[in-house]
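Architecture and fold: a report
Chain by chain, the residues run as shown.
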Amino acid sequence: MTTVKKRVLMTSHLHFYTDRALVDSLPSDLSDEMKSHYLIRRDDQRVSFSGMIMTGDGISIFLPRNSPIPQANSVTGYRYASLLMKGLKRYTRDKALNKIDSDGDGSIGGAKLAVIVDLLEDYCTYGIYTRRLREKVTNMGKPDWRQTIASQAALIGASGPIYLNVCGSRYRSFSNCEVAKIHAFVVRELDETYSWIITGSDISISDAAAIIPPPVQDNNLMIRALENELSLVYSDREIRLINLLIDYIRNTRGHNSSSEVIGLSHFHTMWERMVHSTLKSVVHVNNQLSIPTYRFKDETLHPAPTKGQRTDTVIHNESTNRYVVIDAKYYGAKDLSSAPGWSDIVKQFFYAKALKIFTEGAEVDNVFVFPGDGPLKSVHMQNRQSMETQDDKYPPIKCFYIQPMDLLEYYVSGRIYKDFSNRLMSIEGST
C-alpha cells in the first residue's frame, strides 16, 4: 500500500475558465500562449478549447462550456480538473476502439495523456517494479526432490529414505535493479506535475518511490536497459509497464517546451460521445432506416447508403414502445442566437418521420440535449398568420439540459446515468 502525504505541486496553481470564454477575459500571458499554439487566431472573439494548458505560472483548466467555475485550488476545482482529464483520456481510448469519426475534434496531446495516466495508475495499483529472482535454499521454499536425492545423503528408515536436509527454491523480489530505478524516477517526475489527475487533489503519490536512487539519466541508456529487461519478462503487467516507460522516455521526456497543452479544440464530438455512452436502452437503427436512391435516365435505380440518415442516439422504452431520437448539441442554448438552427431542426423532424415509418405503431419523440442550464423547453413550428403552433404536423422537439461535470462523472466511471435516461424516456418536461 503506497503511503501519501500532503505537498505542494510544482505547478501549484489551478486557474479555471470555460470553453467559449471571451478571449478578452483571459490574462494576456495565457492568451499569448494559446495564440502560440494556434488555439486562438487573429479574429477569434471566443476560445474554442477544453483541456489543460500548463505554463510556468501554473495550470489553466478550460472546462466544457456552461460549466460552473470553481475556486482556484479548491477541493471542487481539483475534482473537476481530474474528471475532465480522465474524460479526455477515456475519449482517446474510445476513439481508437470504436473508430469514432473525430476528424473535427482538434485533439492535442491525447496519446501523451494516456501514457501519463496509465503510468501513474499502474504505480498506484502495483507499486514500483520489482525483479523476481529464483534462489536455492535448504529446508524452506518449494522442495526440489531431484536435487535433494542427487546431492544429499539419506537415512534409511522403516518407511523409506529420510533426508535431514531438503533442497528447495524460492523467489525473492528486488527493487534495486536499473529498471526499478528508472520506474521510480519517472513516477517522481510525473508526480510533480500530473498526480492531481489521478488523485483529484494536491496529494503526492510517490513517497515509496522517493527512497530508490536515481538511474543514469540518459534517455538512450534508460531505453536500452528497458529493452533488455523486456526480453526477460513474461507477465502482461511487466510487459505493458516497460513498454509504457519506453514510450514515455522516447516520446515525451526531455522534449523541452515552455508549456504543455492537452485537450480538444472542438469539444462537440466528445459531448456527443458522453451522452451516447451514459444512456440506457440505446438501440442502433441507422442500418435499418430508409436510404436515398437515384433514378437515372435509363430508369435504373442506384441506392446511396453512404448518404443515408445517421441519428446520433436513439433509446427505446420497451414497456411503452416509445423511441426517443436524441441529438446532443454542444450549444450555448441561452437565447435565440445560441439555439439550434434550421438545419438542426429539419434533420430532427425528418429523423422522427423516418423512425415512425420503420417502427409503425410506436411513439417517437425528439430531443435536444444541451450542456449546463438554460431557458429552452421545446422547439415548435408556428403558422405565420395565426401564430398557432403546428404540433400536429411537426411534433415538438423537447429540450433538456445536463451539467457537463455530472455527465463527465458518469462517463469516466463507465456508469449509466439512469435518472437522466428515465427523464428522457418519460418526456415529462425539461429542467
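Our next topic: the overall build of the chain. If you tally the helices and strands in the chain, you get 12 helices and 20 strands. Here the C-alpha atoms of the chain give a radius of gyration of 29 Å, more than 25% beyond the 22 Å that 2.2 N^0.38 yields for 431 residues. With the principal axes as the frame, the chain shows a C-alpha extent of 110 × 60 × 50 Å. When burial is assessed residue by residue, the chain has 47% of its 431 residues classed as buried. Considering only contacts in the chain between residues 6 or more positions apart, those separated by 24 or more positions represent 74%. Total accessible area on the chain is roughly 23500 Å²; 50% of this is exposed by carbon and sulfur atoms. Mean positive and mean negative side-chain charge positions of the chain (51 and 49 charges, respectively) differ by 5 Å.

For the chain, per-residue confidence averages 86 on the pLDDT scale, and residues scoring 70 or more make up 90% of the total. Taking the mean pLDDT of every element in the chain, the minimum, 42, falls on strand β1 (residues 5–6) and the maximum, 97, on helix α11 (residues 404–413). Within the model, the stretch residues 1–11 combines pLDDT values under 50 with 32 contacts to residues more than four positions away or in other chains.

Moving on, we get to the pairing of strand β12 (residues 260–264). Moving residue by residue along a regular strand, the side chains alternate between the two faces of the sheet. Counted residue by residue, β12 has five buried out of five residues, so it is predominantly covered. The side-chain alternation of β12 yields two buried faces, one formed by Glu260, Ile262 and Leu264 and the other by Val261 and Gly263. Judged from the five bridges that link them, strand β3 (residues 50–55) and β12 form a sheet pairing that is antiparallel. When the bridges of β12 are listed, glycine 51 appears paired with glycine 263.

The next thing to look at is the pattern of salt bridges. The final tally for this structure, using the stated rule, is 16 salt bridges. Here arginine 250 and glutamate 227 are joined by a salt bridge, their closest N and O atoms 3.1 Å apart. Residue arginine 250 is found in helix α8 (residues 236–251), and its partner glutamate 227 is found in helix α7 (residues 219–230); the two are separated by 23 residues along the sequence. For arginine 250, a relative accessible area of 44% corresponds to the partly exposed category. Judged by its relative accessible area of 39%, glutamate 227 falls in the partly exposed class. One network of salt bridges, with partners in common, ties together Arg90, Arg93, Asp94 and Arg273.

Now for the sheet that holds strand β18 (residues 363–371). The sheet built from six strands is open, its strands ordered β13-β16-β17-β18-β20-β19 with mixed pairing. With partners counted over all chains shown, the strands left at the sheet margins are β13 (282–283) and β19 (378–379), one partner each. As defined by bridge partners, strand β17 (residues 322–328) adjoins β18 across seven bridges and the pair is classed as parallel. Across the sheet, residue aspartate 327 finds its bridge partner in β18, namely phenylalanine 368. Helix α10 (residues 342–358) contacts β16 (313–317), β17, β18, β19 and β20 (397–402) of the sheet and is inclined by roughly 150° relative to β18. Running over the sheet, helix α12 (residues 418–426) touches β16, β17, β18 and β20 and is turned about 165° from β20.

What counts and how
- Residues numbered from 1 in each chain as written.
- Predicted model: local features only at pLDDT ≥ 70, side-chain atom pairs only at ≥ 80, totals over all residues.
- Heavy atoms only, no water.
- Helix = DSSP H or I, 4+ residues; strand = E, 2+ residues; numbered from the N terminus.
- Rg over C-alpha atoms; globule rule 2.2 N^0.38 Å.
- Buried < 20%, exposed > 50% of the residue type's maximum accessible area, 1.4 Å probe, protein only.
- Contact = heavy atoms within 4.5 Å.
- Areas by Shrake-Rupley, 256 points an atom, 1.4 Å probe, with all protein chains shown as cover.
- Lys, Arg positive; Asp, Glu negative; His and termini not counted.
- Charge placed at Lys NZ, Arg CZ, Asp CG, Glu CD.
- pLDDT = per-residue confidence, 0-100.
- Pairing = 2+ DSSP bridges.
- Salt bridge = Lys/Arg side-chain N within 4 Å of Asp/Glu carboxyl O.
- Axes fitted to C-alpha atoms, helices over the stretch in contact; angles between N-to-C directions.

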